[in-house]
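Here are the chains, one letter per residue:
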Protein chains: 2
Amino acid sequence: MNLKQLASELGLSPTTVSRALNGYPEVSEATRLRVAEAARHYNYRPNTQAKRLATGRAMAIGHIIPLSTRHEIVNPVFADFIAGAGEVYARAGYDMVLTIVPDSDEERAYREVRSKGNVDGIIVHGPKVHDARLPLLEELGLPFVVHGRSLGADPGYSWVDVNNTRAFERATSFLLDLGHRRIALVNGIETMDFAARRRHGFERALAARGLSADPALMVSGEMTEAQGHDAARDMLDLPDPPTAFLTASFLSAMGVRRALWERGMRMGRDVSIVTHDDELGYLRNGFDEPIFTATRSSVREAGRRCAAMLLRRIESGASAPENDLMEATLVVGASTGPAPRRSDMTD
Amino acid sequence: MNLKQLASELGLSPTTVSRALNGYPEVSEATRLRVAEAARHYNYRPNTQAKRLATGRAMAIGHIIPLSTRHEIVNPVFADFIAGAGEVYARAGYDMVLTIVPDSDEERAYREVRSKGNVDGIIVHGPKVHDARLPLLEELGLPFVVHGRSLGADPGYSWVDVNNTRAFERATSFLLDLGHRRIALVNGIETMDFAARRRHGFERALAARGLSADPALMVSGEMTEAQGHDAARDMLDLPDPPTAFLTASFLSAMGVRRALWERGMRMGRDVSIVTHDDELGYLRNGFDEPIFTATRSSVREAGRRCAAMLLRRIESGASAPENDLMEATLVVGASTGPAPRRSDMTD
DNA sequence: TGCAGCATCCAAAGCGCTTTGACATCGAGT
DNA sequence: ACTCGATGTCAAAGCGCTTTGGATGCTGCA
């Protein structure tokens, strides 16, 4: 059933039917109702392609997911982010089109998306420090919103981000307040903007107390359980081991916990852990009481906000950049406690 | 730059240019080269919407992701699956459009996708036992391939699935061979087809040795770390606790491991664990030696195969269903060992 | 009564592509 | 010399919608 058929069925012109369905004023309320009724009855749905061609609007948002050719890892936060964004698109009648792109030919992918014209805007995932995609997108003139930011990039773009610097600064201060002085940072890959900021926050909090970060207590890498485990295992073997760990993800924190167990140490007493928690559906940080003390920020909510911001910009034609800085909350769980005094260690 | 402009630039008709670019035979090799050259030079890219309208093909595949309203969990295997499918689509020039649908109005979503006509086919995710979507899709006449199967559904559909029954049957036999008799099953939600089959495999292996499953040793639920932990904690408190666990995911297995640690038991000696491993990028089961003995099957590969099968069917117009049953491999890691004899428990 | 003004509706022209059917041109076959 | 089949090209008709620019009939007011 297409528009022409529906129209002839109703004894009306396609023009009128189209207008009735799209809420234009130049159609009487009576016929509008009649049309709506018939549309429902015949289960009429305008053909998307035709609509798109006629209006010039794709009614779709692109998500370009970089797939690192070196790491061979799909970012696990991705699924939750998409779920959040998807909600918003569904309500607004937009489609979500995904493109998985090996980071080797990202530029080609963006240019192609642009010239094929099958999306009205895109969400940029996983921005790096000095990310080359931002100037490219600016040049292409396609509306976009970045999930995250890019240190060193011209700041004239729109983004939604967690205040990573502040989150890790607060987490570090929290540990310092508990008396910890040897604090390890198990970070994400520091070419990624979020990881770089977290490190800044960490170092800033230390500096504020006249301390400086010990390079032996900082690692940067893929945020997996194995990473957390291996890092903790090595660091705990140092002559002057850390009494606390700051990790970038729930999985890393679980890895650190395993390393503690392996040497019979108790989390929260012998060694403290604070992690960042993206509140992923399948990686809940406990229920009543959090397992880990954490800086918490919902990645799904970030997805919603990114999507909403992009749609707003597209529909209003806005050009002035918009920003949304989400503060993480610091929730205290069972993984932190006062730094053990030397004497505690031996009793 | 659109087709008409390009054509006039070349002094040719749109017809000829279109044919040249799409590899039709009725155009001389000379002009074909000339056109290709000009297209490259002007960076011409045919407008997707127009092409779609003209050809009646959307050049896009839909993925409808059910979002359980009760569990509020996005299936974590999803990201890897998508990455695999995305590879295939990219090579074939198809888009991937995602729709996240609360399971409350799935039917509406499928009908809408059908009548909007913005995809040429869809991939069905997370089939349940007696899944109502399959007859619906059959009725709608939209090509589809299921990732998984549906027990009790009319078998005339196409699917790609892991042999879950066989995998869990083998894993159970493996534990039985090691002398284990009290084996626990920490399963996924058993309304999901894959979980139902795994349970069948488990029970079948026991039955083959004249044993039967103890209901107290079987749980079914969301496959999270907490689930594994809580199940193991409770079961190990039973008067006749299990000596081995069979879990449905890497995360569940990690939870079981935590419960072991908490009571000072050693994995692989006091209690054995076998898990299913979907080979997710961010949940690697060790590197040189697997952490857990596991039935292993790549979900990303499944994504590739689903996508390839669907494209093949769409382009060939095939109607006879196609199936692909992937066998999981049983890899032995450090989490399994012979069942402790009673005396072992006390020395 | 005549006419401006409004409320409704419609015909037709796109949107940018593919594809059908026709039309030149030319060399080969008779 | 004439026909015929390739070969290469094009004009024009869609695909299913939106949107512009009228038409038509009716109301209200001078």
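Residues numbered from 1 in each chain as written. Chains lettered and ligands numbered in written order. Predicted model: local features only at pLDDT ≥ 70, side-chain atom pairs only at ≥ 80, totals over all residues. Heavy atoms only, no water.

Student: Could you clarify how one ought to interpret the interface of chain B and chain A in this entry?
Tutor: With 45 residues of chain B at the contact, the number on the chain A side is 45 residues. Of all residues in chain B, Gln-49, Trp-261 and Tyr-282 of chain B give up the largest surface area on contact with chain A, accounting jointly for 15% of the area buried on that side. Taken together, the links from chain B to chain A amount to six salt bridges. In this structure, the salt-bridge partner of Lys-116 of chain B is Asp-95 of chain A, at a minimum N-O distance of 3.6 Å. (Contact = heavy atoms within 4.5 Å. Buried area = accessible area lost by both parts, 1.4 Å probe. Salt bridge = Lys/Arg side-chain N within 4 Å of Asp/Glu carboxyl O.)

Student: Honestly, the sheet that holds strand S11 (residues 323–326) of chain A in this entry has me stumped. Any pointers?
Tutor: Strand pairing in a sheet relies on backbone hydrogen bonds, with the paired strands running either antiparallel or parallel. Spatially, 12 strands are ordered S11(A)-S5(A)-S4(A)-S3(A)-S1(A)-S2(A)-S2(B)-S1(B)-S3(B)-S4(B)-S5(B)-S11(B) in an open sheet, and the strand pairing comes out mixed. Of all the strands in the sheet, the pair left with one neighbour each is S11 of chain A together with strand S11 (323–326) of chain B. The sheet shows a mean angle of 20° between the axes of neighbouring strands, direction not considered. (Pairing = 2+ DSSP bridges. Helix = DSSP H or I, 4+ residues; strand = E, 2+ residues; numbered from the N terminus. Axes fitted to C-alpha atoms, helices over the stretch in contact; angles between N-to-C directions.)

Student: Looking at this structure, I do not really get the packing of aromatic side chains. What am I missing?
Tutor: Centre distance and the angle of the planes are the two values used to describe a pair of aromatic rings. All names here are of chain A. Per the stated rule, a full pass over the model turns up three aromatic pairs over all chains. Ring centres 5.5 Å apart and planes at 85° place the aromatic pair Phe-250 and Phe-292 in the edge-to-face group. Residue Phe-250 is located in helix H11 (residues 250–262), and its partner Phe-292 is located in the loop between strand S9 (272–277) and strand S10 (293–296); the two are separated by 42 residues in the primary sequence. Given the relative accessible area of 0%, Phe-292 is considered buried. (Phe/Tyr/Trp six-rings, centres within 6.5 Å; stacked < 30°, edge-to-face > 60°. Buried < 20%, exposed > 50% of the residue type's maximum accessible area, 1.4 Å probe, protein only.)

Student: I keep staring at the pairing of strand S9 (residues 272–277) of chain B and nothing clicks. Help me out?
Tutor: Put simply, side chains in a regular strand alternate between the two faces of the sheet. Residues and elements named next belong to chain B. The buried count for S9 comes to six of six residues, which makes it a mostly enclosed element. Alternating positions in S9 separate into two faces, Ser-272, Val-274 and His-276 on one and Ile-273, Thr-275 and Asp-277 on the other, with burial throughout. As defined by bridge partners, strand S8 (residues 244–247) adjoins S9 across four bridges and the pair is classed as parallel. Among the inter-strand pairings, Leu-246 is bridged to a residue of S9, identified as Val-274. Each parallel crossover has a hand, and for S8 linked through helix H11 (residues 250–262) to S9 it is right-handed. When S9 meets strand S10 (residues 293–296), the two strands line up parallel, connected through four bridges. Looking at the pairing, Val-274 lines up with Thr-293 of S10. (Right-handed = clockwise from strand over helix to strand, strands pointing away.)

Student: Looking at this structure, how should I read the protein's contact with DNA strand C?
Tutor: Not every one of the 26 residues close to DNA strand C is listed here, only the nearest: Arg-19 of chain A together with Leu-3, Ser-18, Arg-19 and Tyr-24 of chain B. Among the atoms of DNA strand C lying within 4 Å of the protein, the sugar-phosphate backbone contributes 59%. Here a phosphate oxygen of DNA strand C sits 2.5 Å away from a polar atom, N or O, in the side chain of Ser-18 of chain B. Between Tyr-24 of chain B and DNA strand C, the recorded distance is 2.5 Å, taken from a side-chain N or O atom to a phosphate oxygen. Those elements that place two or more of their residues in the surface near DNA strand C are helix H2 (14–21) and helix H4 (48–55) of chain A together with helix H2 (14–21) and helix H4 (48–55) of chain B. Examining the composition of the surface near DNA strand C, we find that four residues originate from one element, H4 of chain B, more than from any other. Class assignment for the residues of the surface near DNA strand C results in 10 nonpolar, 12 polar and four charged. (Near = heavy atom within 4 Å. Polar contact = N/O pair within 3.5 Å; in protein donor to acceptor, adjacent residues only side chain to side chain. Nonpolar A, V, L, I, M, F, W, Y, C, P; charged D, E, K, R; others polar.)

Student: Please clarify how the protein's contact with DNA strand D should be interpreted in this entry.
Tutor: Neighbouring DNA strand D are 26 residues; Leu-3, Ser-18, Arg-19 and Tyr-24 of chain A together with Glu-26 of chain B lie closest to it. Within the contact set of DNA strand D, a phosphate oxygen lies 2.4 Å away from a side-chain nitrogen or oxygen of Ser-18 of chain A. In this structure, Thr-15 of chain B approaches DNA strand D through a side-chain N or O atom, which is 2.7 Å from a base nitrogen. Broken down by secondary-structure element, the contributors of at least two residues to the surface near DNA strand D are H2 and H4 of chain A together with H2 and H4 of chain B. It is H4 of chain A that contributes the most residues to the surface near DNA strand D, four residues altogether. When grouped by side-chain class, the residues that make up the surface near DNA strand D number 10 nonpolar, 12 polar and four charged.

So, to be careful, I would describe these as geometric facts and stop short of saying anything about function.
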